[in-house]
Amino acid sequence: MESDDLIPGNGDYHPSDGVFNKKKGLIEKYSIVGILCLILAVIFISFELRLIAGILVIAGASLFILVTRKSSGLINTVKESFIDASSSNVKKDDVMADFSHRIREPLNNLVIISDMLMNSELQKKQKDLIETFVASTNNMVTTVNELTMESAGNISFGTRKQIRYNILSTIQNTIELYSLKEKANLDFIFNKKEYYEYECNGDPIMLKQIFLDLFNTIESQSSERPTKVTINLKKEIDTDRERFITLRIQTDKNMVFINEEGTAGHLASRLITMNNGKFSQESGDNFTVLNISMPFAYPVTEIKQTTGTDTEVVISRDRVHKELKDIKILLVEDNLINQKITLLTLRPLVNSIDTASNGKEALEKLGTSDYDIILMDIQMPILNGISAAEKIRDLEAGTDNHIPIIAITANAMIGDREKCLSAGIDEYLAKPFQPSVLIEKIKELL
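Residues numbered from 1 in each chain as written. Predicted model: local features only at pLDDT ≥ 70, side-chain atom pairs only at ≥ 80, totals over all residues. Heavy atoms only, no water.

**Quick notes on the overall build of the protein chain**
Our working rule: The numbering of helices and of strands both runs from the N terminus, where a helix is a DSSP run of H or I of at least 4 residues and a strand a run of E of at least 2. Summary of the burial criterion: residues with accessible area below 20% of their type's maximum are buried, those above 50% are exposed, and those between are partly exposed, where the area comes from a 1.4 Å probe applied to protein chains only. To be clear on the numbers: accessible area is Shrake-Rupley with a 1.4 Å probe, and residue cover counts the displayed protein chains and nothing else.
Of the regular secondary structure elements, the protein chain holds 13 helices and 14 strands. The buried share of the protein chain, taken over its 446 residues, is 51%. As displayed, the protein chain has an accessible area near 22100 Å², and 50% of this comes from carbon and sulfur atoms.

Written as structure tokens, this is what we have:
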């Protein structure tokens, strides 16, 4: 069964729902026309044909205000269906990931193009329309991000691939993800220590599920005043195969993290128990503490981290440091519209950019040219971004070469970031993103 035909409703997925498919098809057509109008507007503005550009802006923005409103309703319908669903013959994890990916791709194009137009010389009326369009798009982005978080509670308990990840980095990313909620009412204090001491091998999705479930539990008991949540980690016992780490979560209010139903009533407690962990909680008049003790396996392989403090790496980078305009970028992206929009963003700042439509083409280009950085999509035909990154790191093994890779991807479900980093990718950027964020990450890796 193709994912395009999977229609949520009443806890199941049915292959035939003409109304849903018709709405989805109409939204896709409007999106394509709107994107083309806005791309042409950017091009005409560069040639100072402002009247034609203004007409295209009005047409494109009007279409997308309509699209974002209709899409938000569609997303909320899907969101409610997934939350309410208790059983299904279809693997909901894959359906949710596919749905999120399909929404994030066009959203990313809208965010980037609107950023370009806001910085161009539009008339006030046109800018007002773009601002309305941006507000609608941001609302849609918020909805998709919340859908991603809420999907964590529905992820299957099946065995997943064990990968290398950093516990501190994973918790920090979960906090950042939760903070994207429109009405997040938690004030986090995360006491981070030395990152290298918390490398491990396992399932980062499990850890994220635990923390997201606990954050939701805390917020459900919060009043109008934000709840302060302090998180500390402490290494307890090291064995030959694993280390036990205590995760301490404290709030500044009296509440219940895990109720008397224990493992039967909370996703977090079930996951802790399934992973041979233990938990205890204590509370006072104005505080509650949850202590979680869990085993974490040592990392199987050592992946060279270019963000570390290795002196030779730092010296080498200082020698070859280049300005942004002088670097050579390889953009690996199979979607031509996405390619063109990224190029529109970077071409004013970078003189040399090559493109490849899949991982295989990227490897071929690396055999004939030297690049300073690679921008890698993940979901591609022939050879995906994860496999391509692993092959690049294999080729670099035993040499002093290391080309920084930034994953630019609509794969933004729980655990996708850790999969990318485990494959040797240096940075992860989930769509949709602001162009300034991409530029900043490129500069950091040069």
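**Digging into the packing of helix H10 (residues 359-366) against helix H11 (residues 385-396)**
Let me state the cut-off plainly: Inter-axis angles, ranging from 0 to 180 degrees, are taken between N-to-C directions of lines fitted to C-alpha atoms, where helices are fitted over the stretch in contact. Angles are sorted into four bins: roughly parallel if under 35 degrees, roughly antiparallel if over 145, roughly perpendicular if 65 to 115, and oblique for all others. The sense of a crossing depends on the near helix, which, turned anticlockwise from the far helix by less than a right angle, makes the crossing left-handed and, turned clockwise, makes it right-handed. We call two residues in contact whenever any of their non-hydrogen atoms come within 4.5 Å of each other. Each residue is assigned to one class: nonpolar for Ala, Val, Leu, Ile, Met, Phe, Trp, Tyr, Cys and Pro, charged for Asp, Glu, Lys and Arg, and polar for all the others, Gly among them.
It is the contact of H10 with H11, at a shortest axis distance of 9 Å, that shows an interaxial angle of 25 degrees. Comparing their axes, H11 and H10 come out roughly parallel. Regarding H10 and H11, the two cross each other, and that crossing is right-handed. Where H10 approaches H11, its residues Gly-359, Leu-363 and Leu-366 are matched on the opposing element by Ala-388, Lys-391, Ile-392 and Leu-395. Residues that form the contact of H10 with H11 fall into these classes: five nonpolar, one polar and one charged.

**Focus on a nonpolar patch on the surface**
The condition that has to hold: For patch detection, residues must exceed 30% relative accessible area and be free of salt bridges, and they are connected within 9 Å for like charges or within 5 Å for nonpolar side chains (Val, Leu, Ile, Met, Phe, Trp, Tyr). A pair is scored as a salt bridge if a Lys or Arg side-chain nitrogen falls within 4 Å of a carboxyl oxygen belonging to Asp or Glu.
The grouping of Leu-40, Ile-43, Phe-47, Leu-49, Leu-51, Ile-52 and Ile-55 at the surface amounts to a nonpolar patch, some 700 Å² of accessible area in total. Of all the elements in the fold, those that place two or more residues in the nonpolar patch are helix H1 (18-46) and helix H2 (50-84). The dominant element in the nonpolar patch, judged by the number of residues it contributes, is H2, at three residues. When you line up the elements, Ile-52 lands in helix H2.

**A few points about the nonpolar core**
Definition in use: Among the buried residues, those of types Ala, Val, Leu, Ile, Met, Phe, Trp, Tyr and Cys that are joined through side-chain atoms within 4.5 Å form a nonpolar core.
Grouped together as the largest cluster of nonpolar side chains are 39 residues, with contacts concentrated most on Ile-167, Ile-171, Ile-210, Ile-231, Leu-233 and Ile-292. Residue assignment for this core shows that the elements contributing at least two residues are helix H5 (167-178), strand E4 (186-190), helix H6 (204-220), strand E6 (227-238), strand E7 (242-251), helix H7 (267-274) and strand E9 (287-297). Here this core takes nine residues from H6, the largest share from any one element. Those residues in contact with Ile-171, other than ones at most four positions away along the chain, are Phe-190, Leu-207, Phe-211, Ile-231, Leu-233 and Leu-247.

**Focus: the pattern of salt bridges**
Pairing between side chains of opposite charge can happen when the charged atoms of each approach one another. For the coordinates displayed, the defined rule picks out 14 salt bridges. The residue Lys-235 makes a salt bridge to Glu-197 at a minimum N-O spacing of 3.7 Å. Taken together, the positions of Lys-235 in strand E6 and Glu-197 in the loop between E4 and strand E5 (199-202) put the pair 38 residues apart, joining distant regions of the chain. Given a relative accessible area of 32%, Lys-235 falls into the partly exposed group. A salt bridge links Lys-325 to Asp-326; the shortest N-O distance between them is 3.3 Å. A residue is classified by how much of its surface remains accessible, and Lys-325, at 45% relative accessible area, is partly exposed. For Asp-326, a relative accessible area of 42% puts it in the partly exposed group. When salt bridges with common partners are traced through the structure, they connect Lys-208, Arg-417 and Glu-418 into a single cluster.

**Re the sheet that holds strand E14 (residues 427-430)**
Consider a sheet: its strands pair through backbone hydrogen bonds, and that pairing is either parallel or antiparallel. Counted only if it meets this: Whether two strands pair depends on DSSP finding at least two bridges between them.
If you trace the five strands from one edge of the open sheet to the other, you get E11-E10-E12-E13-E14, paired in parallel fashion. The open sheet has two free edges, formed respectively by strand E11 (352-356) and E14, since each of these has just one partner strand. Looking at each pair of strands side by side, their axes are set apart by 20 degrees on average, direction ignored. Note that strand E10 (residues 328-332) and strand E12 (residues 373-376) share four bridges and pair parallel. Directly across from Leu-331, in E12, lies its bridge partner Leu-375. Its contacts with the sheet place H10 against E10, E11 and E12, and it is angled at close to 160 degrees to E10. Seen against the sheet, H11 touches E12 and strand E13 (405-409) and runs at an angle of roughly 155 degrees to E12.

**Some details on the side chain of Asp-377**
We apply this condition: Charge assignment: positive for Lys and Arg, negative for Asp and Glu; neither His nor the chain ends contribute.
Relative to the helices and strands, Asp-377 is located in the loop between E12 and H11. This buried residue, Asp-377, is left without a salt bridge; Lys-431 holds the nearest opposite charge, at 4.2 Å.

**Describing H7**
Since there are 3.6 residues in each turn of an α-helix, residues three or four apart along the chain are aligned in direction. Taken residue by residue, H7 has Leu-267, Ala-268, Ser-269, Leu-271 and Ile-272 as its buried positions. The secondary structure elements touched by the buried residues of H7 are H6, strand E8 (278-284) and E9. Of the residues trailing H7, Asn-276 is marked for its positive phi of about 60 degrees.

**Details of the environment of Ile-373**
Mapped onto the fold, Ile-373 is located in strand E12. In this structure, the C-alpha to C-alpha distance between Ile-373 and His-402, residues 29 residues apart in sequence, is 9.4 Å. Excluding anything up to four places from it in sequence, Ile-373 contacts Ile-327, Lys-328, Ile-329, Leu-330, Ile-403, Pro-404, Ile-406, Ile-442 and Leu-445.

**Considering the confidence of the model for the protein chain**
What counts here: The predictor rates its confidence in each residue with pLDDT, a number between 0 and 100.
In the predicted model, the protein chain carries a mean pLDDT of 76, and the fraction of residues at 70 or more is 72%. Within the protein chain, the lowest mean pLDDT, 38, falls on helix H8 (residues 311-319), and the highest, 96, falls on E12. Low pLDDT, under 50, characterises residues 1-17; the predicted model gives this stretch 35 contacts beyond four residues in sequence or across chains.

**Observations concerning the packing of aromatic side chains**
Applicable threshold: Paired rings are identified among Phe, Tyr and Trp, the last through its six-membered ring, by centres lying within 6.5 Å, and are further divided according to the angle between planes into stacked (under 30 degrees), edge-to-face (over 60) and tilted (the rest).
Applying the stated criterion to the full structure yields four aromatic pairs. Site record: aromatic cluster; members linked through ring pairs are Tyr-178, Phe-188, Phe-211 and Phe-215.

**Thoughts on H10**
Put simply, the test is: Taken from the helix axis, the directions to the C-beta atoms give the arc we talk about. Whenever two N or O atoms come within 3.5 Å, that pair is a polar contact, provided that in protein one can donate a hydrogen and the other can accept it, and provided that, for residues adjacent in sequence, both atoms are side-chain atoms.
Where H10 is concerned, the buried positions are Gly-359, Ala-362 and Leu-366. Projected down its long axis, H10 carries its buried residues within an arc of 55 degrees, all on one side. Residues of H10 that are buried make contact with E10, E11, E12 and H11. The N-capping residue of H10, defined by a side-chain oxygen 3.0 Å from the backbone nitrogen of Lys-360, is Asn-358.

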